[in-house]
Amino acid sequence: MKTSLKFVGASFYCVAFLLSFCAEASADFSNGLSGIPAPWFTNQPGGWDAAAAAAAAGKPRPKTGQPNLIATGIRIVDANDNSISPAPGVPFWVEIDWEYDNPVCTNYTLMRVVNGWTNIAPAINWGCGYIGATFWSHYWGPWLFYKAGTYQITVKADAGNTIAESNTNDNTFTTNLVVGGSILPQWALIDAEFGRTNLGAGTDVIVGTMDDAFDFLHPWFTGTDSRGRSRLVAVAQNALGPGGSPTNDFHNTGVMGIVLARGANNGDITGLAPDARYISAEFINRAGVPGLSEMNVVDAADFVLTNGAEVVNMPWSWWYGSTTDSETGEAPITALMADYMAYASNIVCVAYVNELSSPIIPTAPGSARNVITVGGLDQDLIHAWALDNYGPTLDGRCKPDILGNSATNTIAPSWDWRDGFPAAWGYWGNSFAGPFVTGSAVQMLDYAKHHNQNRDHRVVKAILMNSGVVALDDNGAPWSNSSTVPLDNQQGTGILNLRRAYAMYSDGQQTNGHVAVPGYDFATIFGTNAPGTNILGSTNGVVSYRLGSPASGSADLDVTLAWDRHTFWSDLNGNGRIDSADTFFVSTNDAQDNLDLVLYCNGVVVAQSRSTVDTIEHLHLTGLTPGAYQLNVERLNVPGSGNSEPYGLAWYSSVAWTNLPPVVRFTGVSAPVGGNVNLQFQLTSGQAGSFELHTATNLNQAVWTPVTGATWTQTGPNTFQIQQPMGVGQRFFRVRPAP
């Protein structure tokens, strides 16, 4: 969904709709809510009159006496009044059939109660002017259901009892609607319920949103969490709506509802993190409410930070200054602002590529480096959305990072819930794809807190990105990348998948050396290493992970590496808090690091990701044959980048990998000056967590004795060295691999 708001000296854009401002002109809000479905309405919703037809056929049924309305049936129909059997996510309308005897001209209403949600349609006086028995139908909607099941629908003619009837006991009719299938397709696509069950429902996690207002009175967002605390932590927004709720709440209520909704039963939507607590900061007047005062975007950022947000949703494009800075991720507000929030406060910031007509490439904060930038899918859930402003960025980086979900004809909780429509169908824009990533990050932090896992934002980013399942570009082209362009420019890593994310996270953090597949690590790499030198260790720019071997004849492997560009805040007014007077910057004395990924099999390079501009590297491989695989993280020399860099790393395969029996062979012996001997050896197959040096004085019934204090260093992929004093007399050595 697109927005463009332009001021002299400043440009900023918001995912949702088109607004335009100029120096001395009033705002044009004519397109203010494109992408937000309006309530369905028609002047003659399915009405028909059987009385005239009966009279024409010579079969009138005249009656005299008091009026009486009789509900005679319910039909489930589509928007054209055709009977349907809805599946989850399929919108449906409810037709009421009723008989109206001896009608009068008094207005009356029709009520529908669908799965506990009550709608009373606008009043009608159908029957006015007729006599005898008349027959009518009226359809209204739409509703939709989250999951398969059986749901009660009750209708009532003359819901307000405005007509003095001869019998009011026959005004209602009830039926049970059986909904087949399984679950909303968008939820099924990413294994949302698997994630919610296994990673968590967001317990003890606070998620923030910066957008238009959020209707916290929607029953799906009210109440307490599982620990008895109010789900609403704090709001900074207007209270001009019913009962103290906000107006200007069309967009955010749907977007964050995908994360936070907690339905009463299977028919109601349940979001990805229904036990999470939340903060809302309103800074966009999407609805164009006259005179509505909005906070500055930087003040909104401060509000969510100071109130404890751990994940922040940013479904908009917005910047001050030049478009070039926005397109390169250099705009202090909001690209560097978002990078700072992640780097300095360990916030998982979820940003979006937009669908603007100008510019047509990613803009701030979606062009930022330390965020997770989300793109969308077409409604077929396999093609990238053609309207996305995808990368590369102006400085050549890959964006988006991942595809969140459908960006067109999507389903979300609705601001129109007071009319009995708690959810709506027909939303469009990446605003409704990205919340699936936001909710997934909340699930992961829930899991981390309750399973003692690392919750650094770089780990969360690496795992979520690495969960991506490759899709198709909008033109049908398959996913592709290269050694210097780590991601597909339209798809990122592919479509978010929580089953894969859980597999990596639940295996626990694994430090360098021998590791299992799948897995993840958070570590710091020290020193630098020129490409191809491969001198490994903790202080010379290479960290090594020995993955083992695929257990089958053909395997896939995905690896994602993520690190930050160091970004800083300048408190220009010296008040100790982030506000609209401040700015954000990168230091010329703290340059962006350049990390690479290299995969070896039996000591030979089989794949590498070596972007010089991105802060991610990614490998997507298929058809790997058995062998001893080793993954290296390399840190290249960048002047001014310091001596170390923390990173998150995740790796995944859909097939089992095994630890082959380790086999070691000596490759060389040297005796430099000083009385020491250097023993060089290679791990030719299998995996080992360490090595032991043994010695013997002869090989005839040899007695091997472990050498105390012998240490080994890795000198290359699967190659190692032990330095040992030579000693006196003839000595024999062997190296034994250890787990």
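Residues numbered from 1 in each chain as written. Predicted model: local features only at pLDDT ≥ 70, side-chain atom pairs only at ≥ 80, totals over all residues. Heavy atoms only, no water.

Caption draft 1: Representation of the overall build of the protein chain. If you tally the helices and strands in the protein chain, you get 10 helices and 39 strands. Here the protein chain holds 739 residues, and the buried ones make up 58% of them. Put simply, 74% of the contacts in the protein chain that link residues at least 6 apart link residues at least 24 apart. Of the roughly 26,600 Å² of accessible surface on the protein chain, a fraction of 53% belongs to carbon and sulfur atoms. (Helix = DSSP H or I, 4+ residues; strand = E, 2+ residues; numbered from the N terminus. Buried < 20%, exposed > 50% of the residue type's maximum accessible area, 1.4 Å probe, protein only. Contact = heavy atoms within 4.5 Å. Areas by Shrake-Rupley, 256 points an atom, 1.4 Å probe, with all protein chains shown as cover.)

Caption draft 2: A look at the sheet that holds strand E35 (residues 690-696). With respect to topology, 3 strands assemble into an open sheet ordered E36-E35-E39, the strand pairing being antiparallel. The open sheet has two edge strands with one neighbour each: strand E36 (705-706) and strand E39 (732-738). One ladder, built from 2 bridges, connects E35 with E36; its direction is antiparallel. From the neighbouring strand, His694 faces E36, where its bridge partner is Pro706. (Pairing = 2+ DSSP bridges.)

Caption draft 3: Structural context of helix H7 (residues 332-345). Taking 1.5 Å of rise per residue, the 14 residues of H7 would be expected to cover 20 Å, yet its terminal C-alpha atoms sit only 17 Å apart, more than 12% below that figure. Most of H7 is tucked away: 10 of the 14 residues are buried. All of the buried residues in H7 are Ile333, Thr334, Ala335, Leu336, Met337, Ala338, Asp339, Tyr340, Met341 and Ala342. Where H7 ends, the next residue or the one after it, Asn346, has phi of about 55 degrees, a positive value. (Expected span 1.5 Å × (residues − 1).)

Caption draft 4: Fine view of the nonpolar core. Among the nonpolar cores identified, the biggest contains 69 residues, and Trp187, Leu260, Ile269, Ile463, Leu464 and Tyr505 are the most heavily contacted of them. When residues in this core are grouped by element, the largest group, 8 residues, is from helix H8 (residues 435-451). When neighbours within four sequence positions are excluded, Trp187 is seen to be in contact with Tyr146, Ala192, Arg196, Ile258, Ile269, Thr270, Gly271, Leu272, Ile411 and Phe436. By size, the runner-up hydrophobic cluster in this structure holds 37 residues, among which are Ala234, Ile279, Ala301 and Trp318. (Core = buried A, V, L, I, M, F, W, Y, C linked by side-chain atoms within 4.5 Å.)

Caption draft 5: Seen up close, the pattern of salt bridges. Per the counting criterion, the structure on display carries 25 salt bridges. Of the charged contacts in the structure, one is a salt bridge between Asp191 and Arg499, with a shortest N-O distance of 3.4 Å. With Asp191 in the loop between helix H2 (185-189) and helix H3 (192-198) and Arg499 in helix H10 (residues 498-506), this pair connects stretches of sequence that are 308 residues apart. Note that Glu330 is salt-bridged to Arg565, the shortest N-O span being 2.9 Å. Note that Glu330 is positioned in the loop between helix H6 (323-328) and H7 and Arg565 in the loop between strand E24 (555-562) and strand E25 (568-570), a separation of 235 residues in sequence. (Salt bridge = Lys/Arg side-chain N within 4 Å of Asp/Glu carboxyl O.)

Caption draft 6: Structural context of the state of the cysteines. This model, assessed by the stated rule, comprises 1 disulfide. Paired by a disulfide, Cys105 and Cys128 hold their sulfur atoms 1.8 Å apart. Across the S-S bond of Cys105 and Cys128 the torsion is about 75 degrees, and the bridge reads as right-handed. Here the residue Cys105 occupies a position in the loop between strand E6 (92-101) and strand E7 (110-114), and Cys128 occupies one in the loop between strand E8 (117-120) and strand E9 (133-143), the gap between them amounting to 23 residues. With relative accessibility at 46%, the residue Cys105 sits in the partly exposed group. By relative accessible area, which is 31% here, Cys128 ends up partly exposed. (Disulfide = S-S within 2.5 Å.)

Caption draft 7: Region of the structure containing H10. Listed in full, the buried residues belonging to H10 are Leu498, Arg500, Ala501, Ala503, Met504 and Tyr505. The inward-facing, buried residues of H10 contact H3, H8, helix H9 (457-466), strand E22 (519-526), E24 and strand E31 (644-652). Residue Asn497 occupies the N-cap position of H10, its side-chain oxygen lying 3.1 Å from the main-chain nitrogen of Arg499. Immediately downstream of H10, the backbone of Gly508 shows phi near 85 degrees, a positive value. (Polar contact = N/O pair within 3.5 Å; in protein donor to acceptor, adjacent residues only side chain to side chain.)

Caption draft 8: Summary view of the packing of aromatic side chains. Enumeration according to the criterion identifies 33 aromatic pairs in this entry. The interplanar angle of 70 degrees and the centroid separation of 4.8 Å between the aromatic rings of Phe283 and Trp318 together place this pair among those described as edge-to-face. Placement of Phe283 in the loop between strand E14 (277-282) and helix H5 (297-306) and of Trp318 in the loop between strand E15 (311-313) and H6 is noted, with a sequence separation of 35 residues between them. Exposure remark for Phe283: the relative accessible area of 3% places this residue in the buried category. Judged by its relative accessible area of 6%, Trp318 is buried. Ring pairs connect the aromatic residues Trp98, Tyr100, Tyr108, Trp126, Tyr130 and Trp136, which therefore count as one cluster. Directly above the ring of Phe194 sits Arg499, whose terminal nitrogen or CZ lies 4.0 Å from the centroid. (Phe/Tyr/Trp six-rings, centres within 6.5 Å; stacked < 30°, edge-to-face > 60°. Lys NZ or Arg CZ within 6 Å of the ring centre and 35° of its normal.)

Caption draft 9: Examining the sheet that holds E9 more closely. Sheet architecture is open: 3 strands sit in the order E5-E6-E9, paired in antiparallel fashion. For this open sheet the edge positions go to strand E5 (68-77) and E9, each flanked by a neighbour on one side alone. Each neighbouring strand pair of the sheet contributes to a mean axis angle of 20 degrees, computed without reference to strand direction. In this structure, E6 lies alongside E9, joined through 9 bridges in antiparallel fashion. Bridge pairing links Glu99 to Phe135 in E9. (Axes fitted to C-alpha atoms, helices over the stretch in contact; angles between N-to-C directions.)

Caption draft 10: Here's a closer look at the environment of Met111. With respect to the secondary-structure elements, Met111 resides in strand E7. Residues Met111 and Ala159, 48 residues apart in the sequence, show an inter-C-alpha distance of 5.6 Å. Once residues lying within four places of it in the same chain are set aside, the contact partners of Met111 are Ile96, Thr118, Asn119, Ile120, Thr154, Val155, Lys156 and Ala159.

Caption draft 11: Layout of unusual backbone geometry. The peptide bond linking Ser358 to Pro359 adopts the cis configuration, its omega dihedral lying at -5 degrees. Along the chain, the position of Pro359 falls in the loop between strand E16 (348-352) and strand E17 (372-377). Cis geometry is adopted by the peptide bond preceding Pro365, which originates at Ala364 and carries an omega value of 0 degrees. A positive phi angle, near 55 degrees, is found at Asn248, a position not held by glycine. As for its placement among the helices and strands, Asn248 is situated in the loop between strand E13 (232-236) and helix H4 (250-260). Since its relative accessible area comes to 0%, Asn248 is described here as buried.

Caption draft 12: Region of the structure containing the pairing of E13. Pairing between E13 and E14: 4 bridges, direction parallel. Following the sheet pairing, Ala236 is matched in E14 by Ala281. Regarding topology, H4 serves as the crossover connection from E13 to the parallel E14, and that connection is left-handed. (Right-handed = clockwise from strand over helix to strand, strands pointing away.)

Caption draft 13: How the structure looks around the packing of H8 against H9. Contact pair H8 / H9: the axes reach a minimum separation of 11 Å and the direction vectors enclose 120 degrees. Looking at the two axes, H8 sits oblique to H9. Where H8 crosses over H9, the handedness of that crossing is right-handed. Facing Val437, Ser440, Ala441, Met444 and Leu445 of H8, the residues of H9 in contact are Val460, Ile463 and Leu464. Across the contact of H8 with H9, the residue classes break down as 7 nonpolar, 1 polar and no charged. (Parallel < 35°, antiparallel > 145°, perpendicular 65-115°, else oblique. Left-handed = near helix turned anticlockwise from the far one by under 90°. Nonpolar A, V, L, I, M, F, W, Y, C, P; charged D, E, K, R; others polar.)

Caption draft 14: A look at the environment of Ala192. Within the secondary structure, Ala192 is located in helix H3. Beyond its immediate sequence surroundings of up to four residues, Ala192 is in contact with Trp187, Leu272, Gln443 and Leu498.

Caption draft 15: Representation of the confidence of the model for the protein chain in the model. Averaged over all residues, the pLDDT of the protein chain equals 89, while 88% of them reach at least 70. Here residues 47-62 is a poorly scored stretch, pLDDT under 50, and it has 21 contacts once near neighbours within four places are set aside; other chains count. (pLDDT = per-residue confidence, 0-100.)

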